[in-house]
Amino acid sequence: MTETHATLPPGAPAFPPGRYGRRREPGRRRPLLAVLLAVAMVAVMTLVAVRLYRQYGDPNYDAEVITYTGITDSQVLVDFRVTVPEGGSAVCLVRARDRDGAEVGREEVTVTARPDQRHVSAQHRLATTARPFIGEVLRCRPPG
C-alpha cells in the first residue's frame, strides 16, 4: 500500500520524508546572476581584445584601394593610398584575383612619404598569370 498526500497534485511522485534529502520548492529563477556573469565575461573579453590590438595591431599603417584599372589578360593597374607615420615608408602586399577568387598575381610594393606627409598615393602595375577581376592591397607593414 502506498502513502498519498492530499497536498500533492495527482500524478506527482510521493517520496518518504527524509529519505532523499530536502526537495527544492518550485520558485522563481535568479536571472540576475546569469546577467552579471555575461556582463563580466564581455568586459574581460573586451579588455583582452584591446590589449591584443595594442600589442599586435598597427594602426599607423593603413591602406585603401582607390581604383583598379587597366585590366588586360596579363596585368592590372592598382591605385591606392597608404597612411604611414610622418615621413615614413611602408611595404604593401598588392594582389590580383580572377573571377573565381583565385590569386593570379602578388607583389610587395614599397611606398615612401615625404618628410611632412602621412598619406602616400601610389600606383602599381601588377603582372598577372591570367585575366584579373580585381586588384587589392592586402596589408601594409613597416619596412624591414
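Structure: above.
About the thresholds
Residues numbered from 1 in each chain as written. Predicted model: local features only at pLDDT ≥ 70, side-chain atom pairs only at ≥ 80, totals over all residues. Heavy atoms only, no water. Buried < 20%, exposed > 50% of the residue type's maximum accessible area, 1.4 Å probe, protein only. Helix = DSSP H or I, 4+ residues; strand = E, 2+ residues; numbered from the N terminus. Pairing = 2+ DSSP bridges. Axes fitted to C-alpha atoms, helices over the stretch in contact; angles between N-to-C directions. Disulfide = S-S within 2.5 Å. Lys, Arg positive; Asp, Glu negative; His and termini not counted. Salt bridge = Lys/Arg side-chain N within 4 Å of Asp/Glu carboxyl O. Polar contact = N/O pair within 3.5 Å; in protein donor to acceptor, adjacent residues only side chain to side chain. Contact = heavy atoms within 4.5 Å. Core = buried A, V, L, I, M, F, W, Y, C linked by side-chain atoms within 4.5 Å.

Caption draft 1: Spatial organisation of the pairing of strand β5 (residues 119-127). Judged by which residues are buried, β5 turns out to be one-sided: V120, A122, H124 and L126 face inward and are buried, whereas H119, S121, Q123, R125 and A127, on the alternate face, are not. As paired elements, strand β2 (residues 75-83) and β5 share nine bridges and run antiparallel to each other. Bridging from a neighbouring strand, Q75 pairs with A127 of β5.

Caption draft 2: Expanded view of the sheet that holds strand β6 (residues 134-141). The three strands lie next to each other as β4-β3-β6, forming an open sheet whose pairing is antiparallel. Looking at the sheet topology across the chains shown, the edges are occupied by β4 (103-112) and β6. This sheet shows a mean twist of 25 degrees between the axes of neighbouring strands, independent of strand direction. Bridging between strand β3 (residues 89-97) and β6 involves seven bridges; their strand directions are antiparallel. Counterpart to L93 in the pairing with β6 is R139.

Caption draft 3: Highlighting the state of the cysteines. In total, this model carries one disulfide according to the counting rule given. A sulfur-sulfur distance of 2.0 Å marks the disulfide that ties C92 to C140. Every disulfide takes its handedness from the sign of the S-S torsion; for C92 and C140 that torsion is 110 degrees, giving right-handed. Placement of the pair is C92 in strand β3 and C140 in strand β6, with a sequence separation of 48 residues. With relative accessibility at 0%, the residue C92 sits in the buried group. Relative accessible area serves as the criterion here: at 12%, C140 is assigned to the buried category.

Caption draft 4: Region of interest: the pairing of β4. Here nine bridges tie β3 to β4, and the two strands are oriented antiparallel to one another. The residue of β4 that forms the bridge with C92 is V109.

Caption draft 5: Layout of the side chain of D98. Tracing the sequence through the fold places D98 in the loop between β3 and β4. For the buried residue D98, which engages in no salt bridge, the nearest side chain bearing the opposite charge is R97, 7.5 Å off. At a separation of 2.8 Å, a polar atom in the side chain of D98 contacts the main-chain amide nitrogen of A102. Leaving out residues up to four positions away in the same chain, D98 has contacts with V104, R131, P132 and F133.

Caption draft 6: Molecular detail of the nonpolar core. Ranked by internal contacts, the top residues of the largest apolar core, which has 19 residues, are F80, V82, A90, C92 and V111. Those elements giving two or more residues to this core turn out to be β2, β3, β4, β5 and β6. Among residues more than four places away in sequence, those in contact with F80 are E64, V65, I66, C92, V94, V109, V111, V120, S121, A122, H124 and V137.

Caption draft 7: Structural detail: the pattern of salt bridges. Per the counting criterion, the structure on display carries seven salt bridges. Between E103 and R95 there is a salt bridge; the shortest N-O distance is 3.6 Å. Among the ionic pairs, E136 bridges to R97, the shortest N-O distance being 2.8 Å. With a gap of 39 residues between them, E136 in strand β6 and R97 in strand β3 connect regions that are remote in the sequence. Given a relative accessible area of 25%, R97 falls into the partly exposed group. Taken together, the shared-partner salt bridges connect R95, R97, E103, R106 and E136 into one network.

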